[in-house]
Amino acid sequence: MTIFVVATLWWGLSPACLAALSLATWTWRLAPRWGTGAALALSAVIGVSGTFILMTLTPATPVPFPMVVAVAYGAALLVGLLGPRREPQVSQLRAETSVAVAASLGAVAWATGLVIARLKGGSSARSWGVLDDSTVDLWAVRHFADYNGFPLLYNSNPRPLEHALSTSLISFGTPLDGSGGELAAEIAAHSAHWTIMIMVGCFLAGTFAAEIARSFGGTRAWPAVTAAALASGALLAGPATGFFLFRGQINGSIVVAVVLASAAIALRSRVSPRQAFAGLVLATTVLMLVWTPFAAVPGLLALLVTVRHWREVRVDVAENGRRVLAWPAAASVFFVWSAMVIVGQQFLQLADGGSAGRAHAATVPTYLPAPYSYGLTATLFGMVFILAALGPRKAQRGVPTLVAMGLLVGGAPLFLARGGFGGELEYYPSRYLQMATVAILPVVIGMVLGTISRRPGSLPSGLAFVGSLTAAVLAVIAPLNPLIERWRPAPMLVVAGDYFGPDAAVYDRGVTYADETNGVRIPWNLDIPWDTHVRYLLTIDEEDRHLAFNTAERASLRNRQDDGVDRLCQIGAAHRETVTVVTADPDLEAAARALCTPADLTEMRFELAAPTS
């Protein structure tokens, strides 16, 4: 392990390797007691919270943050390997192993897709992590790296946790000079963070669905194994993770993973109610810092754990003293600090804006709403409540019910602010509905398979079958924007290269153009439609690194699939530095000089080049 830490620091190996190893080690260590799913869930929420706290402290130290992070991950790995571990029973090991293998389907499929994409020409092996909102994340990552961590006075984006996590994975020795090398390192860190979240989310979806299937279906193995495989693979669907990637929404993957982690911890709360409560408070804090409405889910689950185990905890405190409350107390301090210092600023801004400002925040327009279907979502949530009501007495009915209730409670303010459900949903309501649907899907899969396997031919079994068939039909016929992939899962999209863009036309070009020292270099009518992604990517490389993201220069470059000459005029007018336009269109310069004013083109140069395809 020491050799690995040294290699990470001095030879530039990704700290993501240490992070992943630490996560796997602690999952392995806690699994005999908590079960594989809850062990991973606890390890993930503690790791995410600890990394964010660490990144808030590094600006006050003279030590580069990659070194601090690598040492912290290395120490966690060492403690996880050398600490005591209870050996699981043979029967428990067999059951856990079969479910774990099935639950790994999504993670293995994603990793396999990345490997094949690296070997195949024309794929999106690196381009998948740089699209749309990912460019905002990368700009924030660059900002954090310049400050050696998370600056507490950073108010440009109200969701700093995801950016702090990506920044923490930047390799030691990365030059902070605005070069293509820096951009490549930032993209690698962001993509590594996202890969970990996707794989953790898939595994948690599988293990949680398996737990629910066992709870509702009894001891037979096939419902749990089948549920694990289906739920794990379902998260990679085109309208789920595929859409997250296309819109650059890493927080979608984080939200789904942490919601499922909360449910997994709550299911096993009897193992240690105090540690489960602490884990749920940490999950509440993480979601509060990523997508605040979703914090209702772990918040309600924490309340459930408190009510269920209140007497047990009181007895524990009476016998062993208040020191047993150390974990819940520490988690609560982190929650209060985050609420007051970070999230509180955003609520104050909304309060200053009045009801009109809150309504505007909920109705921000978007060119591409997230995929949603009222019918599908209503069917899935209805199935949770109905099957929970009809489930066996010994089933874990409270956790699935509260997950669904938490998702409904969290979304209520958004729909109240927009005045109901009418019309096409805007950016935030459509995203919430989509993420809530993805998060509830593993719950439904587990409940359906457990119910059907327990009593075939019964009323609950029949309702489960009809509900599943209805949901499947609604998913197939749901109207989707042509830009959204319905059938191909995310790994296939990465391998194909025709959805996120081939590396040669997106990632490679962006990194190469970032090395431009004389102003900014942008593609225009060079590789349509991939030029847009490159221009978005280059907006993080503006000369004024620490200004608000939406400066005039950046706004002029962030046009969506608009390669009209009039946009060139706007870009030339907005930029104070030289703009080199690389194009395959020999008539572009003449068209620009005919339409734009001479002042617009004073600092603009044109360069002919051949497209990549």
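Everything here concerns the structure above.
These remarks concern the structure in this document. All values derive from a computational prediction rather than experimental measurement.

Scoring rules and cut-offs
Residues numbered from 1 in each chain as written. Predicted model: local features only at pLDDT ≥ 70, side-chain atom pairs only at ≥ 80, totals over all residues. Heavy atoms only, no water. Pairing = 2+ DSSP bridges. Helix = DSSP H or I, 4+ residues; strand = E, 2+ residues; numbered from the N terminus. Axes fitted to C-alpha atoms, helices over the stretch in contact; angles between N-to-C directions. 1 Å grid on protein atoms, 1.4 Å probe; cavity = no way out; pocket = protein on both sides within 12 Å on 5 of 7 lines; lining within 4 Å. Points joined across faces, edges and corners; volume = space filled by probe spheres on them. Nonpolar A, V, L, I, M, F, W, Y, C, P; charged D, E, K, R; others polar. Phe/Tyr/Trp six-rings, centres within 6.5 Å; stacked < 30°, edge-to-face > 60°. Lys NZ or Arg CZ within 6 Å of the ring centre and 35° of its normal. Parallel < 35°, antiparallel > 145°, perpendicular 65-115°, else oblique. Contact = heavy atoms within 4.5 Å. Buried < 20%, exposed > 50% of the residue type's maximum accessible area, 1.4 Å probe, protein only. Polar contact = N/O pair within 3.5 Å; in protein donor to acceptor, adjacent residues only side chain to side chain.

**Details of the sheet that holds strand 2 (residues 579-583)**
A sheet is described by the order of its strands in space; here 3 strands give the open sequence 1-2-3, paired in parallel fashion. The sheet terminates laterally at strand 1 (520-523) and strand 3 (604-608), the two strands that pair on one side only. Ignoring strand direction, the axes of neighbouring strands in this sheet form an average angle of 25 degrees. In the sheet, strand 2 pairs with strand 3 via 5 bridges, with the strands oriented parallel. Residue Val-581 lies in a different strand from strand 3, and its bridge partner there is Phe-606.

**Thoughts on empty space enclosed by the protein**
Gaps left between atoms show up when a probe the size of a water molecule is rolled over them. Summed over all chains, the structure comprises 5 cavities of 30 Å³ or more. The space that makes up the largest cavity amounts to roughly 100 Å³. Together, 14 residues line the largest cavity, and Gly-37, Ala-38, Thr-207, Glu-211 and Arg-268 are the ones closest to its centre. Secondary structure elements with two or more residues in the lining of the largest cavity: helix 3 (36-57), helix 5 (90-103), helix 9 (180-217) and helix 12 (250-267). A total of 4 residues in the lining of the largest cavity trace back to one element, the largest contributor, which is helix 9. Residue composition of the lining of the largest cavity, by class: 6 nonpolar, 4 polar and 4 charged.

**Here's the deal with the packing of aromatic side chains**
Taken as a whole and assessed by the stated rule, the structure comprises 15 aromatic pairs. Here the aromatic cluster, defined as three or more aromatic residues joined through ring pairs, consists of Trp-291, Phe-294, Tyr-427, Tyr-428 and Tyr-432. The side chain of Arg-521 reaches across the aromatic face of Tyr-513, ending 5.8 Å from its centre.

**Some details on the packing of helix 8 (residues 160-168) against helix 13 (residues 273-290)**
Contact geometry of helix 8 with helix 13 gives a least axis separation of 6 Å together with a crossing angle of 100 degrees. When the interaxial angle is binned, helix 8 and helix 13 end up roughly perpendicular. The segment helix 8 lies against helix 13, with Pro-160, Leu-161 and Glu-162 engaging Val-286, Leu-289 and Val-290. In the contact of helix 8 with helix 13, the residues fall into 5 nonpolar, no polar and 1 charged.

**Notes on the side chain of Thr-437**
Structurally, the position occupied by Thr-437 is in helix 18 (residues 427-454). Judged by its relative accessible area of 13%, Thr-437 is buried. At a separation of 2.7 Å, a polar atom in the side chain of Thr-437 contacts the side chain of Thr-377. Beyond its immediate stretch of four places on either side in the chain, Thr-437 contacts Leu-376, Thr-377 and Leu-380.

No statement about biological role is implied by the geometric values presented.
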